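Observations on chain architecture
Read off the chains here:
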Amino acid sequence: MNRLKTLLMVVVASGSLTACSGLNDTQQRALTGTGIGAAGGAVLGAIGGNAGLGALVGAGAGLAGGLIYNNVKENEQASYNRGYNADRPR
């Protein structure tokens, strides 16, 4: 029975990963942050006695972190582009 559950989880996980192929950078970073936050929150919540609540809180924190990281990367790229274009001959 455990092998069947493991196989089912692998199939579902691989199927959900292929659904992420058409996302833009912002969506990808938000989704990644949410997933990592949910996983970490579930682990900490399980230690504290409520894995579901931990996953929910972790997902929210991960989403915020992913969007903040995206903002930093977009600003970094914009700064690079401004510097690159300022040095180009016209």
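Here, the structure is the one placed above.
Residues numbered from 1 in each chain as written. Predicted model: local features only at pLDDT ≥ 70, side-chain atom pairs only at ≥ 80, totals over all residues. Heavy atoms only, no water.

Let's talk about the packing of aromatic side chains
- In the structure shown here, the tally under the stated rule is one aromatic pair.
- On the numbers, 6.2 Å between centres and 20° between planes, the contact of Y80 with Y84 is stacked. Of the two residues, Y80 and Y84 both sit in helix α3 (residues 51-87), four residues apart, roughly one turn of that helix.
- Residue Y80 is classed as exposed on the basis of its relative accessible area, which comes to 53%.
- Residue classification places Y84 among the partly exposed positions, given a relative accessible area of 46%. (Phe/Tyr/Trp six-rings, centres within 6.5 Å; stacked < 30°, edge-to-face > 60°. Helix = DSSP H or I, 4+ residues; strand = E, 2+ residues; numbered from the N terminus. Buried < 20%, exposed > 50% of the residue type's maximum accessible area, 1.4 Å probe, protein only.)

Examining the environment of N70
- Mapped onto the fold, N70 is located in helix α3.
- Separated by 45 residues in the primary sequence, N70 and D25 have C-alpha atoms spaced 7.7 Å apart.
- If we ignore the near neighbours within four places in the chain, the residues touching N70 are D25, T26 and R29. (Contact = heavy atoms within 4.5 Å.)

Considering α3
- The end-to-end C-alpha separation of α3 is 53 Å, in line with the 54 Å expected for 37 residues at 1.5 Å each.
- Restricting attention to buried positions, one finds in α3 the residues G54, A55, G58, A59, G62, G66 and N70.
- Buried-residue contacts for α3 involve α2 (25-48). (Expected span 1.5 Å × (residues − 1).)

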